[in-house]
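# Remarks on the overall topology
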Amino acid sequence: MDMQTMRTGTAGMILTGFLLAAGNGRAAEEVFRLTGGAEALAAATPGVELVPVAGAAAGIPPARGAFRVAAPEGALDLTGALTVDCVLRLPALPTAKSPILSKWHCVPGGRSFELGVMPDGCPYFSVSASGNYDAEAREVFGRHALEPGQRYRMTAVFEPGQALTLFVNGVRSARESSRVPRRIAVTRTPVLVRLRPPGELYLPVAIEELVLAAESHDESRVRAAAKASSLDTPPPRAFAAFPDDLADEAAFPPPAVRTITRGPAHHWFAYYDKFQFDESGRFVLGMAVDFEHRSPTADDVVRIGMVDLEDGDRWIDLGTSSAWCWQQGCMLQWRPGHPGEVLWNDREGDRYVCRIRDLRSGRERVLPRAVHHVSPDGRWALCTDMSRVGDMRPGYGYNGIPDPCAAERAPAASGLWRLDLDTGEAVMLISIAAVAAIPYEGGDPTRDKHYFNHIQWRPDGQRFLFLNRRDGGRGTRMFTAAFDGGDLRLVMHGASHYVWRDNEAILIWTGDGYRLYRDDGSQQAALLWKASNGHQTYLPGNEWIVTDTYPQGKAREQALYLVHVPTMRFLLLGRFPCPPEYRGEWRCDTHPRISRDGRLVCFDSPHTGSGRQMHLMDIAPVLDAAGTGAP
């Protein structure tokens, strides 16, 4: 049966035929077209009609209308390549993330795809392969802002397993090629125009044309369509985005990389928020183990050591630990304000402890709790319950001592402690029970199981931040508290990686980019740049930030880059492929760490083929060449 025959058949055959053509590799055609004015739209696809959504039921003025697309069953179950193309005008910016076209609903089994607009005017495009907003779902956010009253041509393209791309007026606004779904979920959720089912969010957008095509339009085709409609003027940029705004690599070539550890042992340091370099910059701490690609057991011991950068990168053994994990190690770090002192966590009998060793005298002390983060003056440490973290999120806690409160949803006996590193005295500051009792949405307070993880002192040591998570990482709240655990402030929901900029603000990755939050309880933030998730650190003076990405694309490259804060431009430090076996709990994040003067960067990576090892870059030439006038 040819396409002309399908056009003369029934409506069901028409749409099904289009989908089959796309699946068989033939030239795909539109599966849905919507034309008309801003308030009176008409379906131009045979066999398909628009059914107005009742204004009263959805809380929408009927005259401004939202529509459900009525089509033969299965006709709009697009599972492969997809292009959504529309011409629109926003009368005003939305007050919440709102859809233009939605087959997407935030309940299990009800999600597929959605194109919409953020409150800042930037478009977004979502695709799910499983029907849930999980690891198989992906979302991309455009970096061009739509201005109220202006006409735009917006195009979203899904290339299965390859990329999600957004265009505005024919200009590429965003592209995501990491962990892109290989298909779109088939759900019973209807296709809705201007609305997310079942009427949660409504966007009063004036749509002149809306097309769904079961194919991936390439960039040249998108540009041609924009030009043909006289909508090819680039819109204003709302923010910088990595890697789209990389500076010229010819002007600022990435620095050389020096591998400072070697096999057969595997070496790494883990997390990014601790002092790995001593004050002189000569000695670099690290850990060594003789296996990879599995979780550590209670019997696995990691070696503690340091590399002498001025003696042929010689490894010097310092001790061992039976309390460690792949992502945060044993909290190994130099003690600030106490030259020559190193501390790390260990296990003694039925308790986790902290060892502090003076490398000059050889004296070692054992403190009664495992530490998490040390205050800037080196006097105090914040501690959390590593048994509970190990129970709630494997890969971040320790194995060897079961959580005595494992059966409790929010135990009063577990929480955060402040440890005096001079005397060993520990004081509980905040219990899990107290924080879990603070109301929240998006979960079930009577059933959710809570824990604390990720703690960091403010630069002056007078406040600290921590994450309250529930059920293995689903649902996160960031709080800050005073030195004594009082004056609790909610910073935001959904935090990932973080760093204090100064005593007033925290830079947090929040789902689509890096935002600067004030520590004042307002929960207000300013977007600095959009990028995939990374581990960020300010260099001394706060003019520069170093961060990274998770594995990207087919080559699974992890990028390290510098951000010049005054100009929001990016300087690439390197891309390092990560083999596919480094996934999940025993993945190898690069976690860039800086020397005290901010001139050296150390990172973990298996890109040399000898397992995870530590690598060093001298970024001083890049910083000196870029200066304060980075391009």
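Residues numbered from 1 in each chain as written. Predicted model: local features only at pLDDT ≥ 70, side-chain atom pairs only at ≥ 80, totals over all residues. Heavy atoms only, no water.

## Focus: the overall build of the chain
What counts, and what does not: Each helix corresponds to a stretch of at least 4 residues labelled H or I by DSSP, and each strand to a stretch of at least 2 residues labelled E; elements are numbered beginning at the N terminus. Contacts were defined at the residue level, with two residues in contact if any of their heavy atoms lie within 4.5 Å. Only the protein chains shown count as cover for residues, with accessible areas throughout obtained via the Shrake-Rupley method and a probe of 1.4 Å. In this tally, Asp and Glu contribute negative charge and Lys and Arg positive charge; neither His nor the terminal groups of the chain are included. Where a charge lies is defined by one atom per residue type: Lys uses NZ, Arg uses CZ, Asp uses CG and Glu uses CD.
Of regular secondary structure, the chain possesses seven helices and 45 strands. Overall size of the chain, expressed as C-alpha extent along the three principal axes, is 90 × 55 × 45 Å. Taking all contacts inside the chain whose residues are at least 6 apart in sequence as the whole, residues at least 24 apart take part in 56%. When the accessible surface of the chain is split by element, carbon and sulfur atoms take 50% of a total near 24,100 Å². Side chains of the chain give 69 positive and 75 negative charges; the mean places of these two sets differ by 2 Å.

## A closer look at the environment of R194
What counts here: Think of it in three bands: residues with accessible area under 20% of the maximum for their type are buried, residues over 50% are exposed, and the middle band is partly exposed, with areas taken using a 1.4 Å probe on protein chains only.
Of note, R194 is situated in the loop between β13 (192-193) and β14 (195-196). When its relative accessible area of 1% is taken as the criterion, R194 is described as buried. Sequence separation of R194 and P99 is 95 residues, and the distance between their C-alpha atoms is 5.6 Å.

## Considerations on the nonpolar core
Basically, it comes down to this: Joining through side-chain atoms within 4.5 Å is the link that ties buried Ala, Val, Leu, Ile, Met, Phe, Trp, Tyr and Cys residues into a set, and such a set is a nonpolar core.
F32, L82, L115, F125, L210 and L212 are the most contacted members of the largest nonpolar core, which has 42 residues in total. Not counting residues within four places of it along the chain, the set of residues in contact with L82 comprises F113, F125, A156, V157, F158, I184, L212, A213, E215 and S216.

## Some remarks on empty space enclosed by the protein
Put simply, the rule reads: Space inside and on the surface of the protein is sampled on a 1 Å grid over the protein atoms alone, with a cavity defined as a set of points where a 1.4 Å probe fits but cannot get out and a pocket as an open set with protein on both sides within 12 Å along at least 5 of 7 lines; lining residues have an atom within 4 Å of a point. Grid points are joined across faces, edges and corners, and a volume is the space filled by probe spheres set on the points. All amino acids are sorted into three groups, where Ala, Val, Leu, Ile, Met, Phe, Trp, Tyr, Cys and Pro are nonpolar, Asp, Glu, Lys and Arg are charged, and the leftover types, Gly among them, are polar.
Evaluated as defined, the whole model comprises four cavities of 30 Å³ or more. Its volume calculated, the largest cavity comes out at about 50 Å³. Contributing to the lining of the largest cavity are P296, W324, C325, W326, P394, G395, G397, Y398, N399 and E585. Split into classes, the residues belonging to the lining of the largest cavity amount to six nonpolar, three polar and one charged.

## Considering the sheet that holds strand β8 (residues 123-128)
Worth spelling out the cut-off: Two strands make a pair as long as DSSP finds a minimum of two bridges between them.
As summarised here, the arrangement of the seven strands in space is β3-β4-β13-β6-β7-β8-β9, forming an open sheet in which the pairing is antiparallel. Since the sheet does not close on itself, it has two edges, and those belong to β3 (49-52) and β9 (137-141), each with one partner. Pairing of β8 with β9, which is carried by five bridges, proceeds in the antiparallel orientation. Each residue of the ladder has a partner; that of S128, found in β9, is A137.

## Quick notes on the sheet that holds strand β36 (residues 505-509)
Spatial ordering of the open sheet is given by β17-β38-β37-β36-β35, a layout of five strands whose pairing is mixed. Strands at the two margins of the open sheet, each flanked by one partner only, are β17 (240-241) and β35 (498-500). Pairing of β36 with strand β37 (residues 513-518), which is carried by five bridges, proceeds in the antiparallel orientation. Directly across from I506, in β37, lies its bridge partner Y517.

## With respect to the confidence of the model for the chain
Note: predicted coordinates in regions of low pLDDT should not be interpreted at a detailed level. Inclusion rule: The pLDDT value expresses, per residue, how confident the predictor is, ranging between 0 and 100.
Residues of the chain with pLDDT of at least 70 account for 91%, and the chain-wide mean is 89. Counting interchain partners and residues more than four positions distant, the pLDDT-below-50 stretch residues 1-28 has 39 contacts.

## Notes on the state of the cysteines
Here, disulfide denotes a covalent bond that connects the sulfur atoms of two cysteines. We apply this condition: The rule for a disulfide is simple: a pair of cysteine sulfur atoms within 2.5 Å.
In the structure shown here, the tally under the stated rule is zero disulfides. For C86, which is in no disulfide, the shortest distance to another cysteine sulfur is to C122 and amounts to 15 Å.

## Here's the deal with the pairing of strand β41 (residues 557-564)
Across the eight residues of β41, seven count as buried, placing the element largely inside the fold. By the bridge criterion, five bridges tie strand β40 (residues 544-548) to β41 in an arrangement that is antiparallel. Residue pairing for β41: V546 is matched across the bridge by L562. Note: β41 against strand β42 (residues 569-577), eight bridges, orientation antiparallel. Residue pairing for β42: L562 is matched across the bridge by L571. Linking two consecutive strands that pair antiparallel, namely β41 and β42, is a turn of four residues; a positive phi of about 55 degrees is found at M568 within it.

## Side note on the pattern of salt bridges
Basically, it comes down to this: The salt bridge definition used is simple: a Lys or Arg side-chain nitrogen within 4 Å of an Asp or Glu carboxyl oxygen.
Counting across every chain of the model gives 49 salt bridges. For the salt bridge of R360 with D358, the shortest nitrogen-to-oxygen distance reads 3.3 Å. Judged by relative accessible area, which is 15%, D358 ranks as buried.

## Looking at the packing of aromatic side chains
Selection criterion: Stacked, tilted and edge-to-face are the three classes applied to pairs of Phe, Tyr and Trp rings, where Trp contributes its six-membered ring and a pair requires centres within 6.5 Å; stacked means planes under 30 degrees apart, edge-to-face means over 60, and tilted covers the rest.
Evaluation of the coordinates by the stated rule reveals 20 aromatic pairs. For the ring pair W324 and W326, a centre distance of 5.2 Å and an interplane angle of 85 degrees mean the geometry is edge-to-face. Of the two residues, W324 and W326, neither departs from the other in class, the shared state being buried. Here the aromatic rings of F466 and F479 are separated by 5.7 Å at their centres, their planes lie at 20 degrees, and the arrangement is stacked. Residue F466 is found in strand β32 (residues 463-470), and its partner F479 is found in strand β33 (residues 476-482); the two are separated by 13 residues along the sequence. The same class applies to F466 and to F479, which are both buried. One aromatic cluster is present, built from ring pairs that chain together W380, F452, W457, F464, F466, F479 and F483.

## Observations concerning the layout of surface pockets
The computed volume of the second largest pocket comes to approximately 680 Å³. Around the second largest pocket sit 27 residues that line it, and D273, F275, V499, T537 and Y538 are the ones nearest its centre. Of all elements in the fold, only β23 (333-334), β27 (373-374), β31 (450-457), β35, β39 (537-538) and β43 (593-594) reach the threshold of two or more residues within the lining of the second largest pocket.

## So, the side chain of Q558
As for its position among the elements, Q558 is in strand β41. For Q558, a relative accessible area of 1% puts it in the buried group. Apart from the residues within four sequence positions on either side, Q558 is in contact with T549, Y550, P551, G574, R575, F576, C578, C588, D589 and T590.

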